[in-house]
Amino acid sequence: MMNIGENLQKMFSLEGSVVVFTGAAGGIGSTIAEGMALAGARVALCDINQEQLEQVQKRITEAGGEASCHRLDVTDKDCIEECIVGIGRQYKHIDILVNCAGINKREGFMDVKEETYDRIMDINLKGVFLVTQSVAPYMKTQKKGSIINIGSHNTGSILGGCSVYGATKCGVLSMTRSMAVEWAKYNIRANCVSPGHIQTPLTVPTWEHPGRSKYLLDRIALNRPGVPEDITGICILLASDASAYITGAEIRVDGGCIAGGQPWDYDTAF
Ligand code: NAP
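The name recorded for the chain in an unreviewed UniProt entry is 2-deoxy-D-gluconate 3-dehydrogenase, from Faecalicatena orotica. Check the Sequence similarities (unreviewed entry) section of the UniProt entry for the chain; it says "Belongs to the short-chain dehydrogenases/reductases (SDR) family."

Structure representation (structure tokens):
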């Protein structure tokens with residue numbers, strides 16, 4: 001008799017895997033981290049927002065998952081090294097890295113101050129670079145690892161006011177491909193998950209704005225905002241052995257946004 005649960009578990013289970021997760025206190029990060037913990041992973045939750053991180057850890061442990069909290073500023077090389085060494089010592093191995101920490105400040109190209117440019121670049125792009133440089137040696141020693149970088153809709157199509165943010169996310173995609181080609185020989189895979197327009201506490205004002213929400217919905221084929229839970233499944237797939245032959249890919253989770261959004265009304269009977 002076929003046992004579906006057992007077969008699925010064999011393919012997708014993260015049991016025993018250790019995940020380093022940046023941006024784990026955020027709207028999207030906390031949801032994916034919880035999903036991975038409930039798929040069996042032991043999640044090292046890393047974020048600059050310690051207070052929020054503890055709430056996420058509580059939620060995960062109450063749901064039966066395993067997680068630990070680590071204060072991490074992805075712009076601070078010493079802090080990263082100390083944090084990753086601590087996680088390595090605690091868990092003895094690091095199997096999965098999710099680079100999810102990211103910020104944006106929407107303003108016109110000419111209004112962006114140099115400090116804002118540097119801050120967005122430092123967190124979204126250099127942060128991914130430095131954290132990955134710190135984690136990859138563990139994966140290289142183990143001859144196995146999966147790196148998931150969170151990109152954005154903006155790698156393929158831009159909204160106004162996202163010049164620096166869009167550039168960082170295109171950079172993240174490019175770095176993902178470099179990780180994939182340079183580290184395939186160590187059995188380390190790297191992929192980029194690019195969410196579309198996701199409803200999180202931070203994007204509530206956009207979704208509550210009648211003009212802006214209509215503009216966005218018109219561009220989403222599935223005609224609804226994404227929710228953080230929409231991103232969880234793909235991350236579990238990319239972290240698990242079920243995706244053993246997927247590397248260097250960008251996977252969009254955008255409800256059909258890049259595909260073309262909502263079509264015009266048309267008369268053809270069908
Ligand atoms: P979020 O709720 O603001 O989460 C980001 C987290 O990163 C926050 O907890 C933030 O802490 C933390 N962070 C900021 N600076 C940091 C630093 N220097 N070091 C470590 N952590 C830091 O944002 P989100 O909407 O969940 O976004 C998560 C990821 O998805 C980002 O990479 C974003 O670009 C990407 N994304 C989001 C959407 C969307 O629609 N929301 C769409 C496409 C892609 P603080 O709260 O203290 O700043």
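> Help me understand the packing of helix α4 (residues 77-91) against helix α5 (residues 114-142), please; the structure alone is not making it clear to me.
Helix-helix packing: each pair is described by the crossing angle between the helix axes and the interaxial distance. Look at α4 against α5: their axes get within 9 Å of each other, and the N-to-C directions meet at 30°. Looking at the two axes, α4 sits roughly parallel to α5. Our pair here, α4 against α5, has a crossing hand that is right-handed. Packed against α4, whose contacting residues are Lys77, Ile80, Glu81, Ile84, Val85 and Gly88, the element α5 presents Leu130, Val131, Ser134, Val135 and Tyr138 at the interface. When grouped by side-chain class, the residues that make up the contact of α4 with α5 number seven nonpolar, two polar and two charged.

> How should I be thinking about the side chain of Ser213 in this particular structure?
Note that Ser213 resides in helix α8 (residues 210-218). Apart from residues lying up to four places away in sequence, Ser213 is in contact with Thr206 and Trp207.

> Would you explain the pattern of salt bridges in this entry?
Should the charged atoms of two oppositely charged side chains come close, the side chains can pair. Tallying each qualifying case throughout the model produces nine salt bridges. Residue Arg59 is joined to Glu34 by a salt bridge in which the shortest nitrogen-to-oxygen separation is 2.9 Å. One end of the pair, Arg59, is in helix α3 (residues 50-62); the other, Glu34, is in helix α2 (residues 27-38), with 25 residues separating them in the sequence. With a relative accessible area of 36%, Arg59 lands in the partly exposed category. Owing to a relative accessible area of 19%, Glu34 belongs among the buried residues under this scheme. The residue Glu62 makes a salt bridge to Lys58 at a minimum N-O spacing of 3.4 Å. Of this pair, Glu62 and Lys58 both sit in helix α3, four residues apart, which is roughly one turn of that helix. Its relative accessible area of 60% is what places Glu62 among the exposed residues. Take Lys58: its relative accessible area is 47%, and that puts it in the partly exposed class.

Conventions adopted
- Residues numbered from 1 in each chain as written.
- Predicted model: local features only at pLDDT ≥ 70, side-chain atom pairs only at ≥ 80, totals over all residues.
- Heavy atoms only, no water.
- UniProt positions renumbered as here; feature names shortened; annotations may be inferred.
- Axes fitted to C-alpha atoms, helices over the stretch in contact; angles between N-to-C directions.
- Helix = DSSP H or I, 4+ residues; strand = E, 2+ residues; numbered from the N terminus.
- Parallel < 35°, antiparallel > 145°, perpendicular 65-115°, else oblique.
- Left-handed = near helix turned anticlockwise from the far one by under 90°.
- Contact = heavy atoms within 4.5 Å.
- Nonpolar A, V, L, I, M, F, W, Y, C, P; charged D, E, K, R; others polar.
- Salt bridge = Lys/Arg side-chain N within 4 Å of Asp/Glu carboxyl O.
- Buried < 20%, exposed > 50% of the residue type's maximum accessible area, 1.4 Å probe, protein only.

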